[in-house]
Amino acid sequence: MGAGVARLVVIGGGAAGMSAASAARRVAPGLDVVVCEAGGFAAYGMCGIPYYLGGVVPEAEDLLAYPPGEFRDKRGIDLRLHTWVSAIDPAAHQVRVAGPAGADGSGPLGYDALVLASGAAPVRPPVPGLDGPRVFTIRSLDEAIGLRQLLDSGTVRRAIVLGAGYVGLEAAEGLAGAGVEVEVVEALPRVLGNVDDPIAAVVQAELERHTRVRLGTRLDEVRDGGGRELTAVVGGVATSTDLVVVAAGVRPASDLLIQVGAEHLPDRSLLVDAQQRTSVPDVFAAGDCAALHHLVLGRPAWIPLGPAANKTGRVAGTVAAGGAASFRGIVGTAVVKVFGLEVARTGLTLAEAEAAGLAARAVDVVSRSRAKYYPGAQPLHVRLVHAPDGRLLGGQLAGREGAAKRIDVLATALHAGMTVADIAGLDLSYAPPFAPVYDPVLAAAIKAAGSVPSTAGGTHEPAAAPR
Ligand SMILES: Cc1cc2nc3c(=O)[nH]c(=O)nc-3n(C[C@H](O)[C@H](O)[C@H](O)COP(=O)(O)OP(=O)(O)OC[C@H]3O[C@@H](n4cnc5c(N)ncnc54)[C@H](O)[C@@H]3O)c2cc1C
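Below or above, wherever it landed, is the structure these notes cover.

About the criteria used
- As a convention, each chain's residues are numbered from 1 in the sequence order in which they are written.
- Given that this is a predicted model, residues contribute local features only at a pLDDT of at least 70 and side-chain atom pairs are listed and counted only at 80 or more, while totals for whole chains, interfaces and linings are drawn from all residues.
- Heavy atoms from the whole structure form the basis of all side-chain values; hydrogens and water molecules are not counted.
- Throughout, near means a residue has at least one heavy atom within 4 Å of the molecule or strand.
- Nitrogen and oxygen atoms within 3.5 Å of one another constitute a polar contact, given that in protein one can donate a hydrogen and the other can accept it, and given that sequence-neighbouring residues count only through two side-chain atoms.
- To be clear on the numbers: accessible area is Shrake-Rupley with a 1.4 Å probe, and residue cover counts the displayed protein chains and nothing else.
- Segments assigned H or I by DSSP are reported as helices when at least four residues long, segments assigned E as strands when at least two residues long, and all are numbered from the N terminus.
- Note on classification: 1.4 Å probe, protein chains only; a residue is buried when its accessible area is under 20% of the maximum for its type, exposed when over 50%, partly exposed between these limits.
- Note on contacts: a residue pair is in contact if any heavy atoms of the two residues lie within 4.5 Å.
- Pairing between two strands is assigned when DSSP locates at least 2 bridges connecting them.
- Crossovers are marked right-handed if the path from the first strand over the helix to the second runs clockwise, as seen with the strands pointing away from the viewer.

What follows covers the site of the ligand. If you check the shell around the ligand, you find 30 residues, and the closest are A16, E37, R139, D288 and G306. Contact distances for the ligand include 3.1 Å between an oxygen atom and a backbone N or O atom of A15. Between the ligand and R139 there is a distance of 2.7 Å, counted from an oxygen atom to a side-chain nitrogen or oxygen. Its free accessible area being 1,000 Å², the ligand has 87% of it covered by the protein chains.

This paragraph deals with the environment of Y66. Looking at the secondary structure, you find Y66 in the loop between α2 (49–53) and α3 (68–74). Since its relative accessible area comes to 35%, Y66 is described here as partly exposed. Sequence-distant contacts of Y66, defined by excluding residues within four places in its chain, comprise A42, A43, F71 and R75. Only 3.3 Å separates the side chain of Y66 from the side chain of R75, close enough to count as a polar contact.

For helix α12 (residues 440–450), a buried count of eight out of eleven residues is recorded, marking the element as mostly surrounded by other parts of the structure. Taken residue by residue, α12 has P440, V441, L442, A444, A445, I446, A448 and A449 as its buried positions. Next to the buried residues of α12 lie β23 (361–368), β24 (379–386), α10 (407–416) and α11 (420–424).

So, on to the pairing of strand β2 (residues 32–36). With four of five residues buried, β2 is to be regarded as a mostly interior element. Across five bridges, strand β1 (residues 7–11) lies against β2 in parallel orientation. Across the sheet, residue I11 finds its bridge partner in β2, namely C36. Handedness of the crossover is the feature at issue here: the chain leaves β1, passes through helix α1 (residues 15–27), returns alongside β2, and the resulting connection is right-handed.

Turning our eyes to something else, we now look at unusual backbone geometry. For L192, which is not a glycine, the phi torsion comes out positive at approximately 45°. Of the residues examined, L192 reaches a relative accessible area of 2% and is grouped as buried. Residues other than glycine seldom take positive phi values, yet D282 does so here, at roughly 65°. Here D282 is to be found in the loop between α7 (255–258) and β18 (283–285).

Structurally, S369 is set in the loop between β23 and β24. For S369, a relative accessible area of 1% puts it in the buried group. A distance of 2.8 Å separates the side chain of S369 from the side chain of E401, its partner in a polar contact. Look past the residues within four positions of S369 in its chain and what remains in contact with it is G376, A377, Q378, L380, E401, R406, F434, A435 and P436.

The structure is reproduced here in structure tokens:
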């Protein structure tokens, strides 16, 4: 790949696809770059949709990184909206395209290099009635605009959110912000599957302050009588609601490439090398459809999140256009706002480490976000997960302030392969309005280091009184 590339086709105009297209254009100004996007928008902040629903972000257009014209007119990228790619023919180096009705963009489209950036698709559990008009997923701006119009119509008093993962919790907050009474229904006995139980309990308590939470309960059926109200059968009991939001997880939108033999993980995320090449010649994959190298696990893993989508898109576009780039890997860092709470995680939870067959321990500390005497100090829950030899495997934080960005210290420590004793010795910042003199991350690391026999955990014991 490289010098002979005349046309790059990108499937998907999300974070990964538009990053790929923009990077390719920078590397090869003469390259024909075509982006096929099934929806009516490209390059928007999907992560902002819950805040648009709740009115924190007033207009859908506010979520656009750039208007479509910016790509066409200023960056020379042939961005085709409402354009669905239905098949890839690697032997012919062609994709099959269905453009907008009446437009001249349907049929085969040849490529020299192809980037699949088709993202992830929402899982719709096999519950009767989930295909009705008042049932929504939170995965595209087109659908979010329809949901927001319904919310603005003043006809929505109650809503059921199916799923208590991070998208479900953000959707619940958005709907509550729009004045809707929300019931969160989750089949598992706990919320937020990507943190361990002690942190999930903190999240659950916050969620219960703002919504009705039904854990270990299934949505059995949704009946649409044709009127304004729906009947939802939850845990065998019929209840009235005005709409249902399905947030039951996502799966990689990888079918187009798997159909032509691309290698993938059992969860159907596509295997790629460090340059984002798939096993299909001249075809790259980036963003939520791809598995990425997990630096803690030492193998590919599927963790679909925004920062990696942007970065892997950039790498794929650069390499596809003949430039040089590589993606080092992920550690699974994520943060979410759940009403008044910041919840963050990186690396492996204890449950994930054990599922991966790693010997792991966890320590928990409840510290404070500010000096004890400084007004407004809030409890900050910290959990560190480490190997018996002290190597950090992961961290989780939850609190009303100070969790979201402290996680980045732990993410950095994971990238550097640090032990809990190394972290305990870090020179982190201090001033009363921002942290106790021993930052909560340090306090947790000191406790963890104390449980590791071969490290000098004792040397990190607090020696001075808090200032
Ligand atoms: C509600 C919500 C909140 C989120 N919040 C966060 C957050 O706070 N932090 C974070 O890190 N991540 C967050 N994420 C995840 C993040 O948005 C994704 O990781 C990121 O958008 C992935 O980018 P992508 O380009 O791979 O996929 P997408 O953004 O999904 O883009 C894929 C595009 O491909 C198009 N497409 C698919 N198939 C075809 C086809 N056959 N032909 C043409 N076009 C096609 C789709 O229409 C879509 O526009 C959130 C996701 C959601 C849904």
